[in-house]
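# Tertiary structure, described
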Amino acid sequence: MMGKALGPAALVTICLTLASCASKGPAPVDHYYALAPTIQVVPGPKAPVAATLLVTQPTAGGLTIGRELVFRSSDRPGEVQHYTFHLWSEPPAAAIAAALTAALREARLFTFVIAPGQRARADYLLTGELRRLEHLPDAQPPQVAAEIHLTLIDGFDRKPLFAQTYQGMEPTGPTDDPATAAASFDRLLGRLLTDAVRDLQAQRPRLHSADTRDL
């Protein structure tokens, strides 16, 4: 005996299911990039200032605060977008704070340089604002752009001693994609933060040890 004929609705369902299975490819995979700028440091000739510097994590806004790689296209220049499956391994602001902390320890500008997670009385604070960190794939040549503002604050009276904005661009090379953009961010931020550390070292004549300021 022949089986019961399928109705039109059942046939449509089967066809859609088969089409869906046939069209599905491998599931998208997330790609993670570690932001690790190399900061060139030359320790100062004088002994470190006998004080403690706290390096705080820069503030960030908009898409820059997250972990997604951000880009801006020429057809929509007023719109900031992000890549769906390409992410930083940690928020860029956290990576920048870690890089600055390590570089300033190596610079021997202060006796102690501490990160936000370390509980200690700070004589000076280095604060910042990450204003831009964008891939520009449609630029000629393709490049990345960054802008960060840093402020050195006296922890005793909360007066700013130094404030400077660092910004620039870096080509990504002939093979332009999120992976090469991530490497270009390393080079660009390494250059900008190298300038920042040198500028902070130049402030040494204005810095005082903790014991001297308490008198």
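What you see is a predicted model; the values in this text were computed from it and never measured.

### Describing the packing of aromatic side chains
With the rule as written, the count across this model stands at three aromatic pairs. Pairing F110 with Y124 gives two aromatic rings, centres 5.3 Å apart and planes at 45 degrees, and the pair type is tilted. Note that F110 is positioned in strand 6 (residues 110-114) and Y124 in strand 7 (residues 124-136), a separation of 14 residues in sequence. In this structure F110 comes out as buried when scored by relative accessible area, which is 4%. Taking the relative accessible area as the measure of exposure, Y124 reaches 0% and is therefore buried.

### Looking at the pairing of strand 5 (residues 81-88)
Taken together, the three bridges between strand 1 (residues 31-33) and strand 5 define a ladder with parallel strand orientation. Pairing of H31 across the sheet is with H86, part of strand 5.

### Details of the side chain of T64
Positionally, T64 belongs in the loop between strand 3 (59-60) and strand 4 (68-71). You can call T64 buried: its relative accessible area is 12%. Among residues more than four places away in sequence, those in contact with T64 are P92, L130 and L133.

### Digging into the confidence of the model for the protein
Across the protein, pLDDT averages 87, with 87% of residues at or above 70. Confidence drops under a pLDDT of 50 for residues 1-16, and excluding neighbours within four residues, the segment shows two contacts in the predicted structure.

### Points about the environment of D195
The topology assignment puts D195 in helix 3 (residues 178-201). Owing to a relative accessible area of 32%, D195 belongs among the partly exposed residues under this scheme. Counting along the chain gives 155 residues from D195 to Q40, while the straight-line C-alpha distance between them is 8.8 Å.

### Observations regarding the pattern of salt bridges
Applying the stated criterion across every chain, the model contains eight salt bridges. The partner of R187 in a salt bridge is E170, with the nearest N and O atoms 3.1 Å apart. Residue R187 is found in helix 3, and its partner E170 is found in strand 9 (residues 160-171); the two are separated by 17 residues along the sequence. A relative accessible area of 40% places R187 in the partly exposed class. One network of salt bridges, in which partners are shared, links R72, R132 and E134.

### With respect to the pairing of strand 2 (residues 49-55)
Within a regular beta strand, the side chains point alternately toward one face of the sheet and then the other, so they alternate between its two faces. Summarising burial for strand 2: six of the seven residues are buried, a large majority. Sheet topology places strand 2 next to strand 6; four bridges connect them, and they run parallel. Pairing of V49 across the sheet is with F110, part of strand 6. Sheet topology note: the strand 2/strand 7 ladder contains three bridges and is parallel. Counterpart to L53 in the pairing with strand 7 is Y124.

Cut-off values and rules
- Residues numbered from 1 in each chain as written.
- Predicted model: local features only at pLDDT ≥ 70, side-chain atom pairs only at ≥ 80, totals over all residues.
- Heavy atoms only, no water.
- Phe/Tyr/Trp six-rings, centres within 6.5 Å; stacked < 30°, edge-to-face > 60°.
- Helix = DSSP H or I, 4+ residues; strand = E, 2+ residues; numbered from the N terminus.
- Buried < 20%, exposed > 50% of the residue type's maximum accessible area, 1.4 Å probe, protein only.
- Pairing = 2+ DSSP bridges.
- Contact = heavy atoms within 4.5 Å.
- pLDDT = per-residue confidence, 0-100.
- Salt bridge = Lys/Arg side-chain N within 4 Å of Asp/Glu carboxyl O.

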